[in-house]
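Structural overview for review
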Amino acid sequence: MHVVHVVGARPNFMKVAPVLRALSNRPGVKQTLVHTGQHYDTNMSDVFFQQLGIPVPDVNLSVGSGTHARQTAEIMTRFEAVVVERKPDLVLVYGDVNSTAAAALVCAKLRVLVGHVEAGLRSFDRTMPEEINRLVTDQLSDLLFTPSQDGDLNLQREGIPREKIYLVGNVMIDSLVQLLPEVVQRARNGFPKRYALVTLHRPSNVDDSEVLKGILRSLLEVIQDLAVVFPAHPRTRQRIAEFSLNTGQLRLLDPLPYVEFLALQRAATVVITDSGGIQEETTYFGVPCLTLRNNTERPVTVSLGTNVLVGHDAEKLRAELANILDGKAKRGTVPPLWDGHAGERIADILTGSSVRRRFAPQGRCTLRTVLKREG
Ligand code: UD1
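Here the structure is a predicted model, which means the values were calculated and not measured. In this numbering scheme, every chain counts its residues from 1 along its sequence in written order. Only residues with pLDDT of at least 70 are given local features in this predicted model, and only at 80 or more are side-chain atom pairs given and counted; all residues enter the totals for whole chains, interfaces and linings. Note: side-chain values were computed over all heavy atoms of the structure, leaving out hydrogens and water.

**Some points on the packing of helix α1 (residues 10-24) against helix α15 (residues 342-351)**
Between α1 and α15, the least distance of the axes is 8 Å, while the angle of their chain directions is 50°. With respect to each other, α1 and α15 are oriented oblique. With respect to the hand of their crossing, α1 and α15 are arranged in right-handed fashion. Contact residues: α1 offers P18, V19, A22 and L23, while α15 offers G343, E344, I346, A347, L350 and T351. Among the residues making up the contact of α1 with α15, the classes are represented as seven nonpolar, two polar and one charged. Axes here refer to lines fitted to C-alpha atoms; in helices the fit is confined to the stretch in contact. Angles between the N-to-C directions go from 0 to 180 degrees. Going along the chain from the N terminus, every DSSP run of H or I of four or more residues is numbered as a helix, and every run of E of two or more is numbered as a strand. Convention used here: angles under 35 degrees read as roughly parallel, angles over 145 as roughly antiparallel, angles from 65 to 115 as roughly perpendicular, and any remaining angle as oblique. Note on convention: the crossing is left-handed when the near helix lies turned anticlockwise from the far helix by less than a right angle, right-handed when the turn is clockwise. For this analysis, residues touch if any pair of their heavy atoms sits within 4.5 Å. The classification used treats Ala, Val, Leu, Ile, Met, Phe, Trp, Tyr, Cys and Pro as nonpolar, Asp, Glu, Lys and Arg as charged, and all other residues, Gly among them, as polar.

This is the structure we're talking about:
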């Protein structure tokens, strides 16, 4: 069985690593890693490959940045040629970035089986580009690997047959668990003892100057009570400069490598973020998380974990922060199957007999027959 994995942006890398590792010791499995090049800065990409022990990609499509249409189209054009040339039996796509949806669309058109890792998450907010990517990818996927039961329910509600859905747990937590010994050892020299760790990059938070200004104002209030550590995404840094916003005493750091960032999360007094994955990592660590969004596609982090949605409500942020500083932070538990073994479960399913039978099911043309028909 030849499996092609497609990754492109920072949050994909910690998801592919455990699946690659789990499949690497299964007999008869050949793997090819494709990096679309959606993220290309060393500190947004290369350093994650090194720390996660991911091999150098076999193919780099080097698409770079662009509008959504341009980036998606460029990934499709370049990835189609790879699929035609390499003839995989299965393509695995990860998460909800543009690279995920673009690759799934290519596979659906070429009628190559596609599996979506981290399927079924829904914010029910179609203004988020990621929500569009999730909807499209899940509709086109043949195998849907979900991190939590809400994912299964969302998919079934959208008419996806039960037999395509596999509840496997959270692959990103696999990477966290694997690197935990290093994370625990990592010295945090130069960082304050108590601090709020901040990340911000959603278009809805940073692309509108008034919204971004409001968030920075709130952070400048936080800094009166608690030090702020703020590794800034390139997009956020660009917008702050473009809108000539005042960051006052807020010191912006460059994006941090994965192990360093996890170490900072684990020891934070509170994490303030609009990221999806960080809502999950803080829940695993039991660290309070205040999410600068009105919704989340990861509701278990709110129902079971430490996450609280504060949206753009400065008053709510203030009140929640005061609770945390008073020692009254929300306590949480780790959701089921967030145990470090999701990648192994995916490998078990892919190499099990029920899935293997589906590589050339009756009535469905294989890649080879499509290519022959198209000359
Ligand atoms: C993408 C994902 C988002 C994910 C985020 C994590 C989509 C639609 N969005 O958003 O879901 O949470 O990655 O980071 O796929 N840039 C650089 N260097 C890089 C990459 C980007 O400078 O290595 C700058 C570019 O100016 C680019 C901007 O950041 O235009 C945004 O990058 P892009 O890949 O379009 O989306 P992200 O905001 O990173």
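So, next bit.
**Observations concerning the layout of surface pockets**
Roughly 1,100 Å³ of internal volume is contained in the largest pocket. Whether a set of points on the 1 Å grid over the protein atoms alone is a cavity depends on a 1.4 Å probe fitting there but being unable to get out, while an open set qualifies as a pocket with protein on both sides within 12 Å along at least five of seven lines; lining residues are those with an atom within 4 Å of a point. Around the largest pocket, the lining comprises 46 residues; the ones closest to its centre are A9, H39, M44, H201 and H233. Looking at the lining of the largest pocket, the elements with two or more residues in it are α1, α3 (68-86), α5 (129-140), α10 (234-242), α11 (258-266) and α12 (277-285). Split by residue class, the lining of the largest pocket holds 18 nonpolar, 16 polar and twelve charged. In this document the domain limits rely on a domain assignment from an automatic tool or a database. Looking at which domains feed residues into the lining of the largest pocket, each of domain 1 (2-169 + 337-374) and domain 2 (181-325) supplies at least three. Grid points are joined across faces, edges and corners, and a volume is the space filled by probe spheres set on the points.

**Looking at the site of the ligand**
For each residue, the test is whether any non-hydrogen atom lies within 4 Å of the molecule or strand; if one does, the residue is near. Lining the immediate environment of the ligand, one finds 20 residues, of which H39, N98, E130, H201 and R235 sit closest. What qualifies as a polar contact is a pair of N or O atoms within 3.5 Å, subject to a donor-acceptor requirement within protein and to the restriction that residues adjacent in sequence count only when both atoms come from side chains. Take Q38: an N or O atom from its side chain is 2.8 Å from an oxygen atom of the ligand. Separating an oxygen atom of the ligand from a backbone N or O atom of Y40 is a distance of 2.9 Å. Alone, the ligand offers 740 Å² of accessible surface; in the complex the protein occludes 88% of this. Molecule-in-pocket calls rest on the fraction of atoms, with more than half required to lie within 2 Å of the cavity or pocket grid points. Under a 2 Å grid-point criterion requiring more than half of the atoms, the pocket assigned to the ligand is the largest pocket. If you list the elements that add at least two residues to the shell around the ligand, you get α3, α5 and α10. Tallying contributions element by element places α10 first for the shell around the ligand, with three residues. The residue makeup of the shell around the ligand, split by class, is six nonpolar, ten polar and four charged. Looking at which domains feed residues into the shell around the ligand, each of domain 1 (2-169 + 337-374) and domain 2 (181-325) gives three or more. Only the protein chains shown count as cover for residues, with accessible areas throughout obtained via the Shrake-Rupley method and a probe of 1.4 Å.

**Looking at the domain arrangement of the protein**
You can read the domains of the protein as domain 1 (2-169 + 337-374) and domain 2 (181-325). If you average the C-alpha positions of domain 1 and of domain 2, the two centres end up 28 Å apart. If you look at the interface, domain 1 gives 23 residues, while domain 2 gives 22 residues. Buried area is calculated as the accessible area (1.4 Å probe) missing from two parts once they are joined, with the contributions of both summed. Taken together, both faces of the contact between domain 1 and domain 2 bury some 1,800 Å²; the carbon and sulfur share is 59%. Whenever a carboxyl oxygen of Asp or Glu lies within 4 Å of a side-chain nitrogen of Lys or Arg, that contact is scored as a salt bridge. Counting the contacts that link domain 1 with domain 2 gives three salt bridges. A salt bridge links E118 to R298, with the nearest nitrogen and oxygen atoms 3.1 Å apart.

**Things to note about the pattern of salt bridges**
Enumeration over the complete set of coordinates arrives at 26 salt bridges. A salt bridge links R122 to D138, with the nearest nitrogen and oxygen atoms 2.9 Å apart. Linking R122 in the loop between β5 (113-117) and α5 with D138 in helix α5, this pair joins segments that are 16 residues apart in sequence. Taken individually, R122 and D138 each receive the classification buried, so the pair is uniform in this respect. Here R298 and E280 are joined by a salt bridge, their closest N and O atoms 2.8 Å apart. You can see R298 sitting in the loop between β12 (289-291) and α13 (300-303) and its partner E280 sitting in helix α12, a full 18 residues away along the chain. Exposure categories follow from relative accessible area, calculated using a 1.4 Å probe and restricted to protein chains: below 20% of the type maximum is buried, above 50% is exposed, and the middle band is partly exposed. A relative accessible area of 1% means that E280 is categorised as buried.

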